Amino acid sequence: MYSVSYHRASSVADAAKLIKKAGDGKYVSGGMTLIPAMKLRLAAPTDLVDLRHVPELKGIKVSGKAVTIGAGTTHAEVAANEKLKAVCPALSHLASMIGDPHVRHMGTIGGSIANNDPAADYPAAMLALGATIVTNKREIAAEKFFTGLFETALKDGEIVTAVRFTAPARAGYEKFRNPASRYAMTGVFVAKGRDGVRVAVTGAGDDGVFRARDMEAALAKRFDAAALDGIKVSPANMMSDIHASAEYRANLVAVMARRAVARANQ
Amino acid sequence: MGIEGVGARVARKEDKRFITGAGRYVDDMVVPGMKHAVFVRSPHAHAEIRKIDVAAARAMPGVIDVLVGRQLKADGIGNLICGWMIHSKDGSPMKMGAWSPLAVDRVRYVGDAIAIVVAETKGQARDAAEAVEVTYKELKAVTDASKAMGRGAPQLHPEAPNNLIFDWDLGNAAETDAAFGKAAHVVEMDVINNRLVPNAMEPRAALGHYDKAEDHYTCWTTSQNPHVARLVMSAFYNVAPENKLRVIAPDVGGGFGSKIYIYPEEIVCLWASKKTGVPVKWVADRTESFMTDAHGRDHHTHAAMAFDKDYRILGFKVETKANLGAYMSLFSSATPTYLYATLLSGQYDIPAIHANVKAIYTNTAPVDAYRGAGRPEAAFLIERMMEVSARRFGISPAELRRRNFITSFPHQTPVIMNYDAGDFAASLDAAMKAADYAGFARRRDEAKRRGRLRGIGMSCYIEACGIAPSAAVGSLGAGVGLWESAEVRVNAVGTIEVLTGSHSHGQGHETTFAQLVSQRLSVPLDSISIVHGDTDKVQMGMGTYGSRSGAVGMSAIVKALDKVEAKARKIAAHLMEADEADIVIENGELKVAGTDKKVPWFQMALAAYTAHNLPAGMEPGLKETAFYDPSNFTFPAGCYVCEVEVDPDTGHTDIVQFVAADDFGNIINPMIVEGQVHGGVTQGIGQALLEGASYDESSGQLVTASYMDYTMPRAGDVPSYRLSTSNTPAPSNPLGIKGCGEAGAIGSPPAVINAITDAIGTEELTMPATPQKVWAALKAATRH
């Protein structure tokens, strides 16, 4: 790791002020991606602004079907929150499968979506739930938020403060892990909500998380795994690496989608 | 068997310090004035070094010096060597290219060391290493052994035209051809044994300390054999004469073979310490471990087996290409030859065998022995061949094996080995019973109803441990003898120190060796200490590899104990005015049989050291030394049965059952033996399902250089193992021990692949059988 200056922010406003003063500053939340990258000298920020001690970023609020999750909420908290589990168990299930216990107790939902790793789990959920990403400046629809590999709509210095969504009637998430890293090699989040069915895929697309529209159409007619039987997933636009070819990933998208629907219907 | 003696499940004495974080590893060592080193390494797989500019790096904060290969050469430090001479079939010696500890004008693999930066802190050394400017002229690289032999391939070493190191054979080609001429059935297949990265938990490390006042060097290093390290660094690398060089291998966190070898870093740290005047410590980071620890396996083999009409094996023909990487590591030539082809008879009576092995340079990390070393490659080949043949003939895999088992001993194979003991059918029976082999069809049908493909596979392996006798291995090209030494020191109060040339880096010697002494001399376990890993304490030793510490290391202790016991009896007999033949040792006392006369052990020891009343002419003291040179290899063998379920949608394989029935000869501590089998089988499952080092063919970059891409087995990847042993004692050593350290890694990969191929109904599957590969194989098989 190169030497770096550490700053602990006390509020969102304080964090924004600190990053402005920094040379090449980075926000750090759980640090589950940034810190390993820094250790390997693949990232070299001059300053780290720590968001972990900002109270306004914490906590999960559930009011009827309306859910708000503070950006600084850890995966372990999302996995264990009883109120959330009551209205959207699929999201808690997703959080319970991220990384390992250490990662789940350090990593945060805001950090994950701001990083937008193409193999991260949360982006699929945000897209399928039609979530709103709340920042210290504005509100952004998930659809507009995830713009490519490790790319988001966030502007310099902008901080994700919360995510908000309406709990769907049914939802399910299934992923197939990369055998080495255990990131999602393909993860599919299926949600049947007021505005119809959404199917979002992570880990597979060569431009990051995406919606599988033909699956959505089929499931809108009949929300059953069998409804997906005839649908071919094209390997075009799938990632390809030593662990999974585009063709294999396309297969995994189909298989995980069927399993996610089955789980949603359990 | 007592509660602490031979055969007891004694908890490991060393584990207290290991599991409380109190172990002392090289990185824990601190010497006053010590500084930190980082190596500048090649980012290219193959390039000429045009210029190395260290001026900017030298001026960086905290930097003490930056040293390069030219300076090392000027100081007379030698090239690294391979210590086992192999002659090609035309009689010519193997063609060893020069391996300079710091590359001077050419780099040959990604990670090749070029310069060492010594600085106040590791961070400063890293910063400065990035400031070393190396001008390269990139050359074409080749990572695949077959391609490296081809026309127009990049040439790595002028000494080795066509990158061919040797073209060696073993066995009788004419007899084997004749056997194929008589064959009723011939089965041919291509087998790849995938390249593995050893991944010891503790990365390699070295701390070199030159003491100017004494003109003496000390090297703390992560070694499985510190004495061999000292010998090689003195005799070949010209670091210092042996009496001026102390090598200490303290607690070492796993080796699996990768810490046998002498690497550039320890040599360079010692030299740099003299050059800079400060002690120099280097600790590899995980990426360096992936890139520069000697890798394992990497064989490509074409084989054919000839059978008569009754499916009895007539002959076996094997052609193997062994990728040895960019340089010849210390024992790299022995692994694909005498540790591989000599085991090609497996557990079977095969009248004629011929093996040809070509060893080849490529622009990849050096390849050397890794847990099993040659024997896993042999076992995988034979046991895939037996399984595929049985399926092709339509007879049961067990029956084909039984029909060909060697059943009488000693048995001379056509490939050097003389098997001295074994009962292969006993292990097969035990494994099949434990696995409920007979009930498999029912389990398969039940799995099918759940949409799962269930398969079963077996492997009947044999291996060879305790490589010896020294004269024999010398005649085969070994540069060293393969005996072991022991010294048993009985202190004046009766406590005991055992100095051994074996090295413990996870094996539990501090417990098992003490159990042996406790049993023999009837003293409590905690009054016995095992001392190892320091050339200033132990005079000489050959170290730990090839599952030799029990069979060879403990046998040396037995020889020393024989002498200690004889002298103790003499002293006791003298003290009690009895006949030495009547002395029995039990319950911490030396007694005169049939009387109530006795002397406590400590009193006898005290008498040896006060020397007030010793037999006439006896020297005072009680300390004995022995060297033990085995008369034969030992031959652990066994049968493993693996049962899997494959998810046809994703290709994911679950190992639902794994049974191991081993013959390890006599066992000192069953719990430790089971631990060795657990670890070995898990590594074997790792090779079969998960692990594989992968280089990008055009750039020569290691693609799997971290745990993000290299899959290590996790607890959830393996089932609870069901283990048993049915043992035939090894006739060649006094304890009847065969060795158990590598068997699991040797026997398990073919069992796993045989099970998966049974499940998916096609033999077209290479290791590691990742979900993607299994899915693709299944898809290809259904298409046809």
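Residues numbered from 1 in each chain as written. Chains lettered and ligands numbered in written order. Predicted model: local features only at pLDDT ≥ 70, side-chain atom pairs only at ≥ 80, totals over all residues.

Moving on, we get to the overall build of chain A. For chain A, the helix and strand inventory stands at eleven helices and 14 strands. Against the 2.2 N^0.38 benchmark of 18 Å for 266 residues, chain A shows a C-alpha radius of gyration of 18 Å, consistent with a compact globule. A principal-axis box enclosing the C-alpha atoms of chain A has dimensions of 55 × 45 × 30 Å. For chain A, with 266 residues in total, the buried portion stands at 49%. (Helix = DSSP H or I, 4+ residues; strand = E, 2+ residues; numbered from the N terminus. Rg over C-alpha atoms; globule rule 2.2 N^0.38 Å. Buried ≥ 20, exposed ≤ 12 C-beta atoms within 10 Å, placed from the backbone.)

With that out of the way, let us pick up the overall build of chain B. From N to C terminus, chain B includes 20 helices and 28 strands. Over its C-alpha trace chain B gives a radius of gyration of 27 Å, about what one expects of a compact globule, namely 28 Å for 784 residues. On the principal axes, the C-alpha backbone points of chain B span a range of 90 × 75 × 55 Å. In chain B, which comprises 784 residues, the proportion classed as buried is 56%. In chain B, of all internal contacts separated by at least 6 residues, the share reaching a separation of at least 24 is 80%. (Contact = placed C-beta atoms within 7 Å.)

Between chain B and chain A, the contact holds 15 residues from the first and twelve residues from the second. Of the residues forming the side of chain B that touches chain A, the biggest block, four residues, is contributed by helix H20 (residues 771-783) of chain B. Here the side of chain B that touches chain A is composed, by residue class, of eight nonpolar, five polar and two charged. (Nonpolar A, V, L, I, M, F, W, Y, C, P; charged D, E, K, R; others polar.)

In this section: the domain arrangement of chain A. Residue and element names in this part refer to chain A. Taken as a whole, chain A is organised into domain 1 (5-50) and domain 2 (58-264). Summarising the inter-unit geometry, the C-alpha centres of domain 1 and domain 2 are found 26 Å apart. Each side of the interface is counted separately: domain 1 has eleven residues, and domain 2 has 15 residues. It is helix H1 (residues 12-21) that contributes the most residues to the side of domain 1 that touches domain 2, five residues altogether. A breakdown of the residues in the side of domain 1 that touches domain 2 according to their chemical character gives six nonpolar, four polar and one charged. (Domains from an automatic or database assignment.)

All names here are of chain A. Judged from the three bridges that link them, strand E6 (residues 132-135) and strand E7 (residues 139-141) form a sheet pairing that is antiparallel. For Thr-132, the partnering residue across the bridge sits in E7 and is Ala-141. Adjacent in sequence and paired antiparallel, E6 and E7 are bridged by three residues. Two elements, E6 and strand E10 (residues 160-166), share four bridges in a ladder whose sense is antiparallel. Following the sheet pairing, Val-134 is matched in E10 by Ala-162. (Pairing = 2+ DSSP bridges.)

When pLDDT is averaged along chain B, the result is 96; 100% of the residues meet or exceed 70. Across the predicted assembly, pTM comes out at 0.97 and ipTM at 0.96. (pLDDT = per-residue confidence, 0-100.)

On to the sheet that holds strand E2 (residues 47-53) of chain B. Residue and element names in this part refer to chain B. Spatially, three strands are ordered E4-E2-E6 in an open sheet, and the strand pairing comes out antiparallel. Only two strands of the sheet have a single partner each, and these edge strands are strand E4 (106-107) and strand E6 (133-138). Relative to E6, E2 is paired through six bridges, and the arrangement is antiparallel. Counted as the bridge partner of Ile-52 is Val-134 from E6.

Time to look at unusual backbone geometry. Residue and element names in this part refer to chain B. That bond from Phe-409 to Pro-410 is cis: its omega, 0 degrees, falls within 30 degrees of zero. Structurally, the position occupied by Pro-410 is in the loop between helix H11 (397-404) and strand E16 (411-412). Cis geometry marks the peptide bond from Met-767 to Pro-768; its omega dihedral reads -10 degrees. Position of Pro-768 among the secondary structure elements: in the loop between helix H19 (743-760) and H20. One non-glycine residue, Ala-373, lies in the positive phi region at around 45 degrees. Relative to the elements of secondary structure, Ala-373 occurs in the loop between strand E15 (352-361) and helix H10 (375-393).

Soluble globular proteins tend to bury their nonpolar side chains together. One finds Phe189(A), Val190(A), Ala257(A), Ala37(B), Ala115(B), Val117(B) and Val641(B) to be the most contacted residues of the largest nonpolar core, which totals 332 residues. A per-element tally of this core places helix H16 (residues 549-576) of chain B first, with eleven residues. Each of two domains, domain 1 (5-50) and domain 2 (58-264) of chain A, supplies a minimum of three residues to this core. Apart from the residues lying within four places of it in its own chain, the contact partners of Val190(A) are Ala128(A), Ala171(A), Gly172(A), Val199(A), Ala257(A), Ala260(A), Val261(A) and Ala264(A). (Core = buried A, V, L, I, M, F, W, Y, C linked by C-beta atoms within 7 Å.)

All names here are of chain B. Following both chains from N to C, one finds helix H15 (residues 509-521) and H16 inclined at 30 degrees, their axes separated by 11 Å at the closest point. In this structure, H15 meets H16 at a crossing whose hand is right-handed. Each of His-509, Phe-513, Leu-516, Val-517, Arg-520 and Leu-521 in H15 lies in contact with H16, whose residues at this interface are Ser-549, Met-554, Ile-557, Leu-561 and Glu-565. The class makeup of the residues in the contact of H15 with H16 is seven nonpolar, two polar and two charged. (Axes fitted to C-alpha atoms, helices over the stretch in contact; angles between N-to-C directions. Left-handed = near helix turned anticlockwise from the far one by under 90°.)

Residue and element names in this part refer to chain B. Taking 1.5 Å of rise per residue, the 13 residues of H15 would be expected to cover 18 Å, and the 18 Å separating its terminal C-alpha atoms lies within 8% of that figure. By the burial criterion, the buried members of H15 are His-509, Glu-510, Thr-511, Thr-512, Phe-513, Ala-514, Gln-515, Leu-516, Val-517, Ser-518 and Leu-521. Looking at the packing, one finds that the buried side of H15 touches strand E20 (496-500), strand E21 (528-531), H16, strand E22 (583-586), helix H17 (601-610) and helix H18 (670-690). Trailing H15 by a residue or two, Ser-522 shows a phi angle of about 55 degrees, which is positive. (Expected span 1.5 Å × (residues − 1).)

Our focus in this paragraph is H1(A). Residues and elements named next belong to chain A. Within H1, the full set of buried residues consists of Ala-15, Leu-18 and Ile-19. In a view along the axis of H1, the buried residues occupy a sector of 95 degrees, so they form one face of it. Turned more than 90 degrees from where H1 packs its buried face, Lys-20 and Lys-21 sit exposed. If you follow the buried residues of H1, they end up packed against strand E1 (5-8), strand E2 (25-28) and strand E3 (47-50). (Arc of directions from axis to C-beta.)

Now for the sheet that holds E20(B). Residue and element names in this part refer to chain B. Strand order in this open sheet of four strands is E21-E20-E19-E25, and the pairing throughout is mixed. The open sheet has two edge strands with one neighbour each: E21 and strand E25 (623-628). Neighbour-to-neighbour, the strand axes of the sheet open up by a mean angle of 15 degrees, direction not taken into account. As judged from the five bridges shared by strand E19 (residues 484-490) and E20, these two strands associate in the antiparallel manner. In the sheet register, Val-490 faces E20, and the bridge partner there is Ile-496.

Residue and element names in this part refer to chain B. Inspection of the secondary structure assignment puts Thr-757 in helix H19. Each C-alpha atom, one on Thr-757 and one on Val-644, is 9.9 Å from the other, the two residues being 113 residues apart in sequence. When sequence neighbours within four positions are dropped, the list of residues in contact with Thr-757 reads Thr-762, Glu-763 and Leu-765.

Residues and elements named next belong to chain B. By the secondary structure assignment, Lys-358 is in strand E15. A residue is classified by how many C-beta atoms lie within 10 Å of it, and Lys-358, with 23 of them, is buried. Taking the C-alpha atoms as reference points, Lys-358 and Gly-97, 261 residues apart in sequence, are found 16 Å from one another. Look past the residues within four positions of Lys-358 in its chain and what remains in contact with it is Leu-164, Asp-167, Lys-321 and Ala-322.

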